[in-house]
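Residues per chain, in single letters:
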Amino acid sequence: MRLLRGLHNIPAEFSGCAITIGNFDGLHLGHQAILHGLHAAATGLAVPTLVMIFEPQPKEFFAADQAPARLANLREKLLDLDADHVDYVLCLPFNQALRSMSADDFIKQVLVDTLGIRHLIVGDDFRFGCDRRGDYALLAGAGQQYGFVVQDSSTFLVAGERVSSTRIRKELEANRLGEVRKLLGRTYRMSGRVAHGRELGRTLNTPTANVMIHRRRLPLCGVYAVATRIQETGEEYLGVANVGIKPTISLKPEPSLEVHLFGFSGDLYGQHLTVEFWHRIRGERAFDSLESLQAAIDDDKRSAQHYFATLPYSFRDSGSTRITTTELNLSEVTRYER
């Protein structure tokens with residue numbers, strides 16, 4: 001997959017593609033269905049696939065303080081799109097210039113003249129352009145004029161309801177991680193590079209990796225039983241994680257993710273971790289002393305170990321991970337294998 005940052009980075013030889021446009025936050029089953037259709041269209045036309053996204057996302061541009069928490073940051077989104085074998089991702093800066101562009105100019109200058117569009121997949125509720133005049137009907141008419149096909153993305157339903165990023169956020173807020181897995185087709189996860197922190201965990205006999213998640217808001221908060229993969233080595237470990245603002249020790253509360261890996265010893269600084277959230281143990285809360293915090297952390301570790309030990313003998317999470325309880329021991333849980 002090739003990332004194109006802005007229209008000025010479109011290769012001169014680029015001509016013709018199958019496109020879809022959107023935020024693709026979380027890359028849930030509905031998004032995956034769109035990409036399946038995009039691949040089919042591109043194969044039939046013998047052209048590459050291109051996903052157009054925006055940074056910041058439009059709601060973040062217009063009302064940053066009211067914008068919903070992202071399910072995935074930009075790096076996570078790009079990794080997911082790459083895993084789905086998208087050929088190009090065009091990331092356009094959502095700025096005043098783009099916001100001021102009319103729907104007709106966007107179609108002619110961006111889609112037709114710059115990208116040479118051959119096939120477009122969007123929802124029938126898609127809106128664009130400074131006057132909000134751009135919609136599915138306008139695109140369909142432009143397709144007839146300029147010679148490209150416009151395809152409506154079918155609504156993807158689970159349990160009779162539309163799959164959407166908004167629905168997934170609500171399920172995360174309600175701590176229904178099993179429902180989230182059904183909507184994503186996998187376990188909800190966050191990833192990031194391990195950076196130096198205060199290293200307080202070492203003094204509490206629970207060394208943690210401080211994962212840089214680069215988020216203004218969090219879609220979930222609390223203490224969780226997690227499965228973690230070290231991206232550079234492929235090693236995978238069970239563990240416990242705190243995602244939130246660390247109210248007991250933070251002088252300047254801001255979103256953070258800290259994870260303790262059962263059975264791991266070594267240096268993780270500079271490496272990238274992918275943390276899957278399997279089970280919520282408790283909410284985040286402030287403690288009146290480090291002693292009470294340590295007691296709670298010890299309880300959290302036991303709870304996570306118990307959760308993993310009570311799982312079936314083995315299972316596979318959408319083909320990505322397998323946990324085998326014969327590898328689990330309540331006194332010391334070691335890494336799990338693919």
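Use the structure listed above.
Predicted model, so just to flag it, every value in this text is computed and none were measured. (Residues numbered from 1 in each chain as written. Predicted model: local features only at pLDDT ≥ 70, side-chain atom pairs only at ≥ 80, totals over all residues. Heavy atoms only, no water.)

K.L.:
Whenever I open this one, the sheet that holds strand β2 (residues 17-21) confuses me. Can you help?
P.N.:
Strands belonging to one sheet form pairs held by backbone hydrogen bonds; the direction of such a pair is parallel or antiparallel. In space, the 6 strands of this open sheet follow the order β1-β4-β3-β2-β5-β6, with parallel pairing throughout. Two strands in the sheet have a free side with no partner beyond their single neighbour: β1 (2-5) and β6 (149-152). Going from strand to strand, the sheet's axes swing by 25° on average, the running direction of each strand aside. Sheet analysis places β1 next to strand β4 (residues 88-93), joined by 4 bridges and oriented parallel. Paired with R5 across the bridge in β4 is C91. Across the sheet, helix α6 (residues 136-146) is in contact with β5 (117-122) and β6; its angle to β6 comes to roughly 150°. (Pairing = 2+ DSSP bridges. Helix = DSSP H or I, 4+ residues; strand = E, 2+ residues; numbered from the N terminus. Axes fitted to C-alpha atoms, helices over the stretch in contact; angles between N-to-C directions. Contact = heavy atoms within 4.5 Å.)

K.L.:
Whenever I open this one, the packing of helix α7 (residues 165-173) against helix α8 (residues 177-184) confuses me. Can you help?
P.N.:
When two helices pack together, their arrangement is given by the angle between their axes and by how far apart the axes lie. Between α7 and α8, the least distance of the axes is 8 Å, while the angle of their chain directions is 160°. Taken together, the axes of α7 and α8 lie roughly antiparallel to each other. Where α7 crosses over α8, the two elements pack in a sense that is left-handed. Where α7 abuts α8, its residues R167, I168, E171 and L172 lie against L177, E179, V180, L183 and L184. Taken together, the residues of the contact of α7 with α8 sort by class into 6 nonpolar, no polar and 3 charged. (Parallel < 35°, antiparallel > 145°, perpendicular 65-115°, else oblique. Left-handed = near helix turned anticlockwise from the far one by under 90°. Nonpolar A, V, L, I, M, F, W, Y, C, P; charged D, E, K, R; others polar.)

K.L.:
Whenever I open this one, helix α5 (residues 103-114) confuses me. Can you help?
P.N.:
Counting along an α-helix, one turn takes 3.6 residues, and residues three or four places apart therefore face a common direction. Burial in α5 covers these residues: A103, F106, I107, V110, L111 and V112. Buried positions in α5, seen along its axis, are confined to an arc of 160° and lie on one side of it. On its buried side, α5 packs onto β2, β3 (49-55), α4 (96-99), β5 and α6. Note on α5: the residue one or two positions beyond its end, G116, has a positive phi of about 60°. (Buried < 20%, exposed > 50% of the residue type's maximum accessible area, 1.4 Å probe, protein only. Arc of directions from axis to C-beta.)

K.L.:
Sorry if this is basic, but what is going on with the pattern of salt bridges here?
P.N.:
Where charged atoms of side chains with opposite charge meet at close range, the side chains can pair. Enumeration over the complete set of coordinates arrives at 14 salt bridges. The partner of R133 in a salt bridge is D104, with the nearest N and O atoms 2.4 Å apart. Of this pair, R133 sits in the loop between β5 and α6 while D104 is found in helix α5, placing the two residues 29 residues apart along the sequence. For R133, a relative accessible area of 40% translates into the label partly exposed. On the basis of relative accessible area, D104 is assigned to the partly exposed category, the value being 38%. A cluster of three or more residues bridged by salt bridges with shared partners is formed by E55, E60 and R70. (Salt bridge = Lys/Arg side-chain N within 4 Å of Asp/Glu carboxyl O.)

K.L.:
Any chance you could explain the sheet that holds strand β11 (residues 222-230) here in plain terms?
P.N.:
The 6 strands lie next to each other as β9-β10-β13-β12-β11-β14, forming a closed barrel whose pairing is antiparallel. Across the sheet, the mean angle separating the axes of adjacent strands is 45° when strand polarity is ignored. Sheet topology note: the β11/strand β14 (residues 272-282) ladder contains 8 bridges and is antiparallel. In the sheet register, A227 faces β14, and the bridge partner there is E276.

K.L.:
Honestly, the nonpolar core in this entry has me stumped. Any pointers?
P.N.:
Generally speaking, a soluble globular protein has its nonpolar side chains buried in company with each other. Ranked by internal contacts, the top residues of the largest apolar core, which has 32 residues, are M52, L111 and L115. Listed by contribution, the elements that provide at least two residues to this core are β2, β3, β4, α5, β5 and α6. Top contributing element to this core by residue count: α5, with 6 residues. Residues in contact with M52, not counting those within four places in the same chain, are T20, I21, G22, L90, L92, F106, V110, L111 and L115. L172, L183, I213 and V275 belong to the second-largest nonpolar core, a separate cluster that totals 30 residues. (Core = buried A, V, L, I, M, F, W, Y, C linked by side-chain atoms within 4.5 Å.)

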